[in-house]
Amino acid sequence: MKKRDFGEGILFSLTNHIYWLLMTNIYFVISNAIILFFFMTLEPTFSNITIYFLALILTGPSISALFYSIGKLIREKELSPLRDFLHGYKINFKDTMKFWLPLLLVLYILFVDLQYFNSNPSVLHHVLSVIFFIGILLTMMIMMNSFLINAGFQFRLKDICKLSIYYSFKKVKVTFGNIGIIIITLFLTMITSNFFIVFTASVVCYVFLLNSKDLLEDIKVNFCKPQENTN
């Protein structure tokens, strides 16, 4: 039997992956210091939703950096956590803000309306609550697809939006899988801590990207070359 060279064993690879995920998550947490500060200092009530959403403005680029880093880890089986995270943050900052801010505003409006309908119960409001909740899930799905596409490919803003919507319906299995990941993550956050999603972000992103592998491959084959090859 051929002996494995040092660094080729399963345990070594697993240890490296755990380290890379942990370090990437630490950098993600640091880059989200503003929103974490408000979560720790403000009472978690709906009256503070405007402050929370304003604090989330700079979270978009950090999510792109996270997707960029974890995407590279999955593709190349190795990662330089700090260098790759900073690189992903820098190259995707401008394009990320172009879709992050409008979608964040849409989510803000949907959440405010949903709260209004829930606080004024009636048959009509109950129906509207369901519709707006579905709208929130769809917006979040389009948002996550936008991060996926923006972190791995170079597209114009309108193309990112078109592809995000297109693949939300074309890859139904991927879409429902990702929605399931979002729901499970939110549920675990609710029953544990508001910080759960932040401190497990790299793992959630890893699972999200694995589930979206078919979607990304379809884009690669049918539309353009990955951004990784152009930098």
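Description of the structure in this document. In this text, all values refer to a predicted model and were calculated from it rather than measured experimentally.

Rules behind the numbers
- Residues numbered from 1 in each chain as written.
- Predicted model: local features only at pLDDT ≥ 70, side-chain atom pairs only at ≥ 80, totals over all residues.
- Heavy atoms only, no water.
- Core = buried A, V, L, I, M, F, W, Y, C linked by side-chain atoms within 4.5 Å.
- Buried < 20%, exposed > 50% of the residue type's maximum accessible area, 1.4 Å probe, protein only.
- Helix = DSSP H or I, 4+ residues; strand = E, 2+ residues; numbered from the N terminus.
- Contact = heavy atoms within 4.5 Å.
- Expected span 1.5 Å × (residues − 1).
- Bend = angle between axes of the 7 residues up to and from the residue.
- Phe/Tyr/Trp six-rings, centres within 6.5 Å; stacked < 30°, edge-to-face > 60°.
- Salt bridge = Lys/Arg side-chain N within 4 Å of Asp/Glu carboxyl O.
- 1 Å grid on protein atoms, 1.4 Å probe; cavity = no way out; pocket = protein on both sides within 12 Å on 5 of 7 lines; lining within 4 Å.
- Points joined across faces, edges and corners; volume = space filled by probe spheres on them.
- Nonpolar A, V, L, I, M, F, W, Y, C, P; charged D, E, K, R; others polar.
- Polar contact = N/O pair within 3.5 Å; in protein donor to acceptor, adjacent residues only side chain to side chain.
- Axes fitted to C-alpha atoms, helices over the stretch in contact; angles between N-to-C directions.
- Parallel < 35°, antiparallel > 145°, perpendicular 65-115°, else oblique.
- Left-handed = near helix turned anticlockwise from the far one by under 90°.

### Remarks on the nonpolar core
So, point 1. By size, the foremost hydrophobic cluster in this structure holds 45 residues, and its most contacted members are Phe67, Trp100, Phe147 and Phe208.
So, point 2. Of all the secondary structure elements, the ones that give two or more residues to this core are α1 (10-31), α3 (49-55), α4 (59-76), α5 (81-119), α6 (123-152), α8 (172-191) and α10 (201-211).
So, point 3. Ranked by the residues each element gives to this core, the list is headed by α5, at 10 residues.
So, point 4. In this structure, phenylalanine 208 is in contact with Phe67, Met141, Met144, Leu148, Asn178, Ile181 and Ile182, ignoring residues within four places of it in sequence.

### Quick look at α5
Helical geometry note: an α-helix holds 3.6 residues per turn, so side chains three or four residues apart project in the same direction.
So, point 1. The end-to-end C-alpha distance of α5, which contains 39 residues, comes to just 45 Å, noticeably less than the 57 Å that a straight helix rising 1.5 Å per residue would cover.
So, point 2. Taking the largest bend as the criterion, α5 deviates by roughly 60°, centred on phenylalanine 93.

### Concerning the packing of aromatic side chains
So, point 1. Tallied over the full model, the rule gives 14 aromatic pairs.
So, point 2. Their ring planes at 40° and their centres at 6.4 Å tell us that tyrosine 27 and phenylalanine 85 sit as a pair that is tilted. Pair noted here: tyrosine 27 is in helix α1 and phenylalanine 85 is in helix α5, with a separation of 58 residues, a long-range link. Judged on exposure class, the residue tyrosine 27 and its partner phenylalanine 85 are both buried.
So, point 3. In this structure an aromatic cluster arises from ring pairing among Phe67, Phe99, Trp100, Phe147 and Phe208.

### Here we look at the pattern of salt bridges
So, point 1. Enumeration over the complete set of coordinates arrives at six salt bridges.
So, point 2. Here aspartate 95 and lysine 98 are joined by a salt bridge, their closest N and O atoms 3.9 Å apart. Highlighted residues: aspartate 95 and lysine 98, both in helix α5, separated by three residues, approximately one helical turn.
So, point 3. Owing to a relative accessible area of 28%, aspartate 95 belongs among the partly exposed residues under this scheme.
So, point 4. Taken together, the salt bridges that share partners define one network made up of Lys170, Lys171, Asp214 and Asp218.

### Let's talk about the layout of surface pockets
So, point 1. The computed volume of the largest pocket comes to approximately 1600 Å³.
So, point 2. As for the largest pocket, its lining consists of 40 residues, of which Phe39, Leu56, Met140, Leu186 and Ile197 are closest to the centre.
So, point 3. Partitioning the lining of the largest pocket into residue classes produces 34 nonpolar, six polar and no charged.

### Overview of the environment of threonine 192
So, point 1. Within the fold, threonine 192 resides in the loop between α8 and α9 (196-199).
So, point 2. Here leucine 188 takes part through its backbone oxygen, which lies 2.3 Å from a polar atom of the side chain of threonine 192.

### Side note on the side chain of serine 62
So, point 1. Here serine 62 lies in helix α4.
So, point 2. Since its relative accessible area comes to 0%, serine 62 is described here as buried.
So, point 3. Here the side chain of serine 62 touches threonine 59 through a polar contact of 2.6 Å, landing on its backbone oxygen.
So, point 4. Setting aside residues no more than four positions away along its own chain, serine 62 makes contact with Phe28, Ser31, Asn32, Phe85 and Tyr89.

### Comments concerning the packing of α1 against α5
So, point 1. Axis separation between α1 and α5 bottoms out at 9 Å; the angle between their running directions is 45°. Viewed along their axes, α1 and α5 adopt a mutual orientation that is oblique. For the element pair α1 and α5, the recorded crossing hand is right-handed. Between α1, through Trp20, Met23, Thr24, Tyr27, Phe28 and Ser31, and α5, the contact on the second element is made entirely by Pro81, Leu82 and Phe85.
So, point 2. Here the residues of the contact of α1 with α5 are counted per class, giving seven nonpolar, two polar and no charged.

### A closer look at empty space enclosed by the protein
So, point 1. Tallying each qualifying case throughout the model produces one cavity of 30 Å³ or more.
So, point 2. By volume, the largest cavity amounts to about 40 Å³.
So, point 3. Forming the walls of the largest cavity are Ser31, Asn32, Ala33, Ile34, Ile35, Ala55, Leu58 and Thr59.
So, point 4. No other element matches the three residues that helix α2 (residues 33-41) contributes to the lining of the largest cavity.

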